[in-house]
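Structural description and commentary
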Amino acid sequence: MSLNGVSVALVHGAWADGSSWSKVIGPLRDAGANVVAAQLPLTSLAEDVAALERTLDRVEGQVVLVGHAYAGAVIAETRNPKVQALVYVAALAPDEGETVAAVFGRAEPHPKTPALDPDPEGLIWLPQEAFAAAFAQRATAEEQALLAVVQRPIALSNITVEVQRPLWKDRPSWFLVAEEDRMIAPETQRFMAERMSARQVSKPVDHTPMVTAPDVVVDIILDAARSVSRTGESS
């Protein structure tokens, strides 16, 4: 089925950058999607939303907005009318008045979840060993090393500010629950997906499936894109 010009905007989470989507970009383009990837500064939620808006300004037509991990909060803050659907990839989805930290910490952490303490400048870095232990345990050693090298720290203030009314209350959403996630508890992901009334897909993948199970991520994004395309055809 043709995507009829539907675009996909990919938004990375904490300790990552746009290159984390490299394995899904090609297949999405091959399927007919126009693809862009936002680069977030991770310095404040407001600045991350502004960076996303600049990315959306470069896109024409209808957009499926995809967020990984922390970026689930970012994609829900936009009010851009181009956005017709949201896809959450092992992502966090705080409700109005909640913080990312609150929803992240609602369940007992996995034994290998690293301690996340800010440095003197208020930035949180992921310990290098955590990339293999919890962030992407299904990745190759080379991939884990690369993720550690290119990581971007996230400011503590990003995850302690209350969010506005999330866009998922007004747009259809999809949610990939990562059953083997050691960063965000799978039970927390299921709680958020159900609260959102999202179309839920649950798979035995780790916290970073765009690296370790890209086909799964591509499938759920294309499902959302095809739904948007069908809606556009009937309107």
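Residues numbered from 1 in each chain as written. Predicted model: local features only at pLDDT ≥ 70, side-chain atom pairs only at ≥ 80, totals over all residues. Heavy atoms only, no water.

Here's the deal with helix α6 (residues 141-150)
- When α6 is considered as a whole, its buried residues turn out to be Q144, L147 and A148. Buried residues along α6 cover an arc of 100° about the axis, so they all sit on one side. Away from its buried face, by an angle of more than 90 degrees, α6 presents the exposed residues E142, L146 and V149.
- Next to the buried residues of α6 lie α5 (130-135). (Buried < 20%, exposed > 50% of the residue type's maximum accessible area, 1.4 Å probe, protein only. Helix = DSSP H or I, 4+ residues; strand = E, 2+ residues; numbered from the N terminus. Arc of directions from axis to C-beta. Contact = heavy atoms within 4.5 Å.)

Quick look at the environment of S202
- One can find S202 in strand β8 (residues 199-203).
- On the basis of relative accessible area, S202 is assigned to the partly exposed category, the value being 32%.
- Remark: the alpha-carbon pair of S202 and E96, spanning 106 residues in sequence, is separated by 25 Å.
- Side-chain polar atoms of S202 contact the side chain of E179, separated by 2.6 Å. (Polar contact = N/O pair within 3.5 Å; in protein donor to acceptor, adjacent residues only side chain to side chain.)

Comments concerning the sheet that holds strand β3 (residues 63-68)
- Read from one edge to the other, the open sheet built from six strands follows the order β2-β1-β3-β4-β7-β8, with strand pairing classed as parallel. Either end of the sheet is taken by a strand with one partner, and the two such strands are β2 (34-38) and β8. Recorded for the sheet is a direction-independent mean angle of 15° between the axes of neighbouring strands.
- In this sheet, β8 lies alongside strand β7 (residues 173-178) in parallel orientation, the contact comprising five bridges. Note on β8: the bridge partner recorded for V177 is S202.
- Packing of helix α7 (residues 186-196) onto the sheet brings it into contact with β4 (83-89), β7 and β8, and relative to β7 it is tilted by some 165°. (Pairing = 2+ DSSP bridges. Axes fitted to C-alpha atoms, helices over the stretch in contact; angles between N-to-C directions.)

Notes on the pairing of β2
- Where strand β1 (residues 7-11) meets β2, five bridges bridge the pair, whose relative direction is parallel. Its bridge partner being in β2, V8 is matched across the sheet by V35.
- The β-α-β motif built from β1, the intervening helix α1 (residues 22-30) and the parallel element β2 has right-handed crossover chirality. (Right-handed = clockwise from strand over helix to strand, strands pointing away.)

Observations concerning the pattern of salt bridges
- Following the criterion strictly, the structure yields five salt bridges and no others.
- E143 serves as the salt-bridge partner of K23, at 2.6 Å between the closest nitrogen and oxygen. Of this pair, K23 sits in helix α1 while E143 sits in helix α6; the two residues are 120 residues apart in sequence, bridging distant segments of the chain.
- With a closest N to O distance of 2.9 Å, R165 and D170 form a salt bridge.
- A relative accessible area of 37% places R165 in the partly exposed class. (Salt bridge = Lys/Arg side-chain N within 4 Å of Asp/Glu carboxyl O.)

Some words on the packing of aromatic side chains
- Taken as a whole, this structure holds two aromatic pairs when the rule is applied.
- Each ring, one from Y88 and one from F175, has its centre 5.8 Å from the other, and the planes form 5°; the classification is stacked. Residue Y88 is found in strand β4, and its partner F175 is found in strand β7; the two are separated by 87 residues along the sequence.
- Residue Y88 is classed as buried on the basis of its relative accessible area of 0%.
- Judged by its relative accessible area of 0%, F175 falls in the buried class.
- Taking the centre distance of 5.1 Å and the plane angle of 65° together, the rings of F131 and F135 count as edge-to-face. One end of the pair, F131, and the other, F135, are both in helix α5, four residues apart, so they sit about a helical turn from each other.
- Residue classification places F131 among the buried residues on the basis of a relative accessible area of 0%.
- Of the residues examined, F135 reaches a relative accessible area of 1% and is grouped as buried.
- Between the NZ or CZ atom of R106 and the centre of the ring of F191, over which it lies, the distance is 3.7 Å. (Phe/Tyr/Trp six-rings, centres within 6.5 Å; stacked < 30°, edge-to-face > 60°. Lys NZ or Arg CZ within 6 Å of the ring centre and 35° of its normal.)

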